[in-house]
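Chains, contacts and geometry: an overview
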Amino acid sequence: MVVLMMVIGLAVSFLLTCSALLRWNEVRYRKKGLPPGTMGWPLFGETTEFLKQGPSFMKNQRLRYGSLFKSHILGCPTVVCMDPELNRFVLMNEGKGFIPGYPQSMLDILGRSNIASVHGELHKTMRSAMLGLVSPPMIRDQLLPKIDEFMRSYIDNWSGQVIDLQEKTKEMALMSALKQIASIETGPVSEALKGELFKLVLGTLSLPINFPGTNYHHGLKARKKLVSMLQCLIDERRSSSCSYNDMLDSLLKSHGSSKAKLDDEQIIDLIIALVYSGYETVSTTSMMAVKYLHDHPRALEELRNEHSEIRKGKSREDAIDWNNYKSMRFTRAVILETLRMATVVNGVLRKTTQDVPMKGFVIPKGWRIYVYTREINYDPAMYPEPLTFNPWRWLDKNLESHQHFMLFGGGGRMCPGKELGTAEIATFLHYFVTRYRWEEVGVNNILKFPRVQAPDGLRIRVWDR
Ligand code: HEM
C-alpha cells in the first residue's frame, strides 16, 4: 500500500513538474503580436515532435493555428510559415530583415564565408563568383563534357551486379563534383577528400556539441583537414605553369581581378559550399528518379525513347552535347516530378534582423522563420492528384514559371546550381537507361522525412539491355 502511494505520489509530482515546465515555456515566449502556437519544452521545444511526426506535425499545427504559427524547433524560437504568398514575400525581401538563419553546426563547419550564410555585399561577391562557375555557357563548354566522361565510366561495369543505388549515387555526386572543381579523378586524393567530406556533411546535421565522438566534433576536424588539403591544392596550382580548365582554375585566374575579389579562405569556402549543396540534392534525386521510373513503366518507356533517339547515329563512345541535353524535355519533367514528390529541401531558414510585421503579427528580432515550402508540392490546386507520379504534368503548362514554384528556392538566393544539378541527373539517366535494365531486389524502405533516404540502401539488380 505504501509503495503504491509512493508511486502515485511520484507520478503526480512528475505530471505537475511537466505541466509547470510547459506552462513556464509558454509564458516565457508570450509576447504581444506573436502568431499563435505552442513552444513545447524548455530548451528542446517541439524538436522531437517535429522530427518524429514531420509533415503531420506541420499539418496538425496549421489546422489548429493557421498557416503562420510559432514553435520552438532545432534549438530556436521559430515562426513556421506555410502560406505560399508569405513564403514568397520572405524569400524576395532579404533586405527587409530576413537574413539566412541556418543552424550553428552548419555555419561552424561550412565556414564563415559560406555563401548560404553571408549576406549583404559579401553575399553579392560570393554569388557572382558562384554564378560565373555554373552559368549555362560554362556548363555547355566545360562542365557537360566532364560530366559526360565521368558518368560514362562511372556506371560502366554495373551489368550483372546487385548494387546499392543509394551508395552509388552518393559517390557519383561527390566524385563528379571533384572532377568539375579541380580535375580530381578517382585515386588516393579523391579517397582522402571523400572521407573528410562525408564526415563534414554529417557534422552539419548534428547538435553543436564539441565533444570527442560527436558528429559535430568529427565535422569540425574534417573541415580543418579539408581546408588544409584545399590550401595545398591552391598553392600547387599557383606554383605550376599548367592550365587546368576547371572551376578552381577559373577562381584562381579571377583572383585579384576586378571580377571577383575572393581571397583563399573565400575560395575554399566556396568550393566546400559547391560540393555540399550539390551532394545530397543530386544524389537523392538521381536515386529517387530511378525508383519512380522502376515503379512507372510507361514513364520509363517514354524516357528511354527520348534517350534512344539522342543516341541514334552516335557510337558508344560519342558524348552527349548541349543540344542533346536541351532536347531532353521529358527527362527534365521526370527530374522536376521527382523533386516535387521526393522533396529534398523541405524549406529554408531565415533569421529576423529586426521586429518584422507579417500578416498582422510581429515577429521579434532574432527569431527564425522556417519558410516551409514542402506543402506547396502537394497542393492539389497547383498539382492535381498530387500523390501520383506524373511527369507529363510538367509538359502541359509552364509550371516552372508559376510564382509558387519553389523547388529551387526563390528571390536573391534562388539555387545557382539548378541547371548544373539537372544536367548531372539527366546525364546519369541518359547512360543508365540506354545501357541497362534493372529490377529492385527485395523490399526497399524509403523514408521521406526529415531526409529522403533508404535507411537500409536501395538494392537493384542490373543487366545490359
Ligand atoms: C538539383 C537539385 C538541387 C536542389 C533541389 C537545390 C535546391 C536549393 C534551394 C531550395 C536553395 C535555396 C536555399 C535558401 O534559400 O536558403 C539552394 C541554394 C543553393 N544551391 Fe542548390 N539545389 C540543387 C542543386 C545544387 C547544385 C548542383 C549546386 C552546386 C553548384 C547548388 C548550389 C547551391 C548554392 C551555392 C546555394 C546557396 C545560394 C545562395 O545562398 O545565394 N545547388 N538550392
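These figures come from a predicted structure and were not determined experimentally. (Residues numbered from 1 in each chain as written. Predicted model: local features only at pLDDT ≥ 70, side-chain atom pairs only at ≥ 80, totals over all residues.)

Take the UniProt feature "binding site: heme" (unreviewed entry) in the protein next. Sequence positions flagged by UniProt for "binding site: heme" (unreviewed entry) are, in local numbering, Cys-415. Relative to the elements of secondary structure, Cys-415 occurs in the loop between helix H16 (393-396) and helix H17 (418-435). Here Cys-415 falls in the partly exposed class, since 17 other C-beta atoms lie within 10 Å of it. What Cys-415 contacts, discounting residues up to four positions off in sequence, is Phe-408 and Gly-409. (UniProt positions renumbered as here; feature names shortened; annotations may be inferred. Helix = DSSP H or I, 4+ residues; strand = E, 2+ residues; numbered from the N terminus. Buried ≥ 20, exposed ≤ 12 C-beta atoms within 10 Å, placed from the backbone. Contact = placed C-beta atoms within 7 Å.)

Lining the immediate surroundings of the ligand are 27 residues, of which Gly-278, Gly-409, Cys-415, Gly-417 and Gly-421 lie closest. When contributions to the shell around the ligand are tallied by element, the ones reaching two or more residues are helix H6 (120-133), helix H12 (264-295) and H17. (Near = placed C-beta within 6 Å.)

What follows deals with the environment of Val-79. If you trace the backbone, Val-79 turns up in strand S2 (residues 76-81). Not counting residues within four places of it along the chain, the set of residues in contact with Val-79 comprises Pro-35, Leu-68, Lys-70, Ile-363, Trp-367 and Ile-369.

With 77 residues, the main nonpolar core has Ile-181, Leu-270, Ile-271, Ala-289 and Leu-429 as its most contacted residues. Residue contributions to this core peak at 14 residues, all from H12. Apart from residues lying up to four places away in sequence, Ala-289 is in contact with Val-334, Ile-335, Thr-338, Ile-425 and Leu-429. If you look at the next biggest cluster of nonpolar residues, it comprises 18 residues, including Leu-68, Cys-81, Met-82 and Trp-367. (Core = buried A, V, L, I, M, F, W, Y, C linked by C-beta atoms within 7 Å.)

A separate point is unusual backbone geometry. Following Phe-449, the chain continues to Pro-450 via a peptide bond in cis, the omega torsion being -5°. Mapped onto the elements of the fold, Pro-450 is located in the loop between strand S9 (436-440) and strand S10 (459-464). In this structure, Asn-245 is a non-glycine residue whose phi angle is positive, near 55°. If you check the backbone angles, Lys-359 has positive phi at about 50° while not being a glycine. The residue Lys-359 is located in the loop between strand S6 (356-358) and strand S7 (361-363) in this model.

Of all the bends in helix H7 (residues 136-154), the greatest, near 50°, is centred on Leu-143, and the proline Pro-145 appears no more than four residues after it. Residues of H7 that are buried make contact with helix H8 (165-182), helix H14 (322-326) and H17. (Bend = angle between axes of the 7 residues up to and from the residue.)

Note on placement: Ala-381 falls in the loop between strand S8 (368-372) and H16. Residue Ala-381 is classed as exposed on the basis of its 9 C-beta neighbours within 10 Å. Between the C-alpha atom of Ala-381 and that of Lys-359, which follows or precedes it by 22 residues, the distance is 22 Å.

For the rest of this paragraph, the subject is the pairing of S10. Pairing analysis gives three bridges linking strand S4 (residues 162-164) to S10, with the strands arranged antiparallel. By the bridge assignment for S10, Asp-164 is matched with Arg-459. (Pairing = 2+ DSSP bridges.)

Relative orientation of the contacting elements H7 and H8 amounts to 140°, with a least axis distance of 10 Å. For the element pair H7 / H8, the angle class is oblique. Relative to H8, H7 is oriented so that their crossing is right-handed. Residues Leu-143, Lys-146, Ile-147, Phe-150 and Tyr-154 of H7 touch H8, and the partners they reach there are Met-172, Met-175, Ser-176, Lys-179 and Gln-180. For the contact of H7 with H8, a count of residues per class yields six nonpolar, two polar and two charged. (Axes fitted to C-alpha atoms, helices over the stretch in contact; angles between N-to-C directions. Parallel < 35°, antiparallel > 145°, perpendicular 65-115°, else oblique. Left-handed = near helix turned anticlockwise from the far one by under 90°. Nonpolar A, V, L, I, M, F, W, Y, C, P; charged D, E, K, R; others polar.)

A few words now on the environment of Ala-192. Note that Ala-192 resides in helix H9 (residues 188-204). Here the alpha-carbon distance between Ala-192 and Lys-225, two residues 33 residues apart in the chain, equals 9.7 Å.

Strand order in the open sheet formed by three strands is S4-S10-S9, and the pairing between neighbours is antiparallel. Single-partner strands in this sheet number two, and they are S4 and S9. Direction aside, neighbouring strands of the sheet carry axes that sit 35° apart on average.

This part takes up the sheet that holds strand S5 (residues 347-352). Read across the open sheet, the five strands follow the order S1-S2-S8-S5-S3; overall the sheet is mixed. The open sheet has two edge strands, strand S1 (68-73) and strand S3 (98-100), and neither has a second partner. Averaged over all pairs of adjacent strands, the angle between strand axes in this sheet comes to 35°, irrespective of strand direction. When S2 meets S8, the two strands line up parallel, connected through four bridges. By the bridge assignment, Thr-78 is partnered in S8 with Arg-368. Together, S1, S2, S3, S5 and S8 form the strand contacts of helix H4 (residues 84-92), whose direction differs from that of S8 by roughly 125°.

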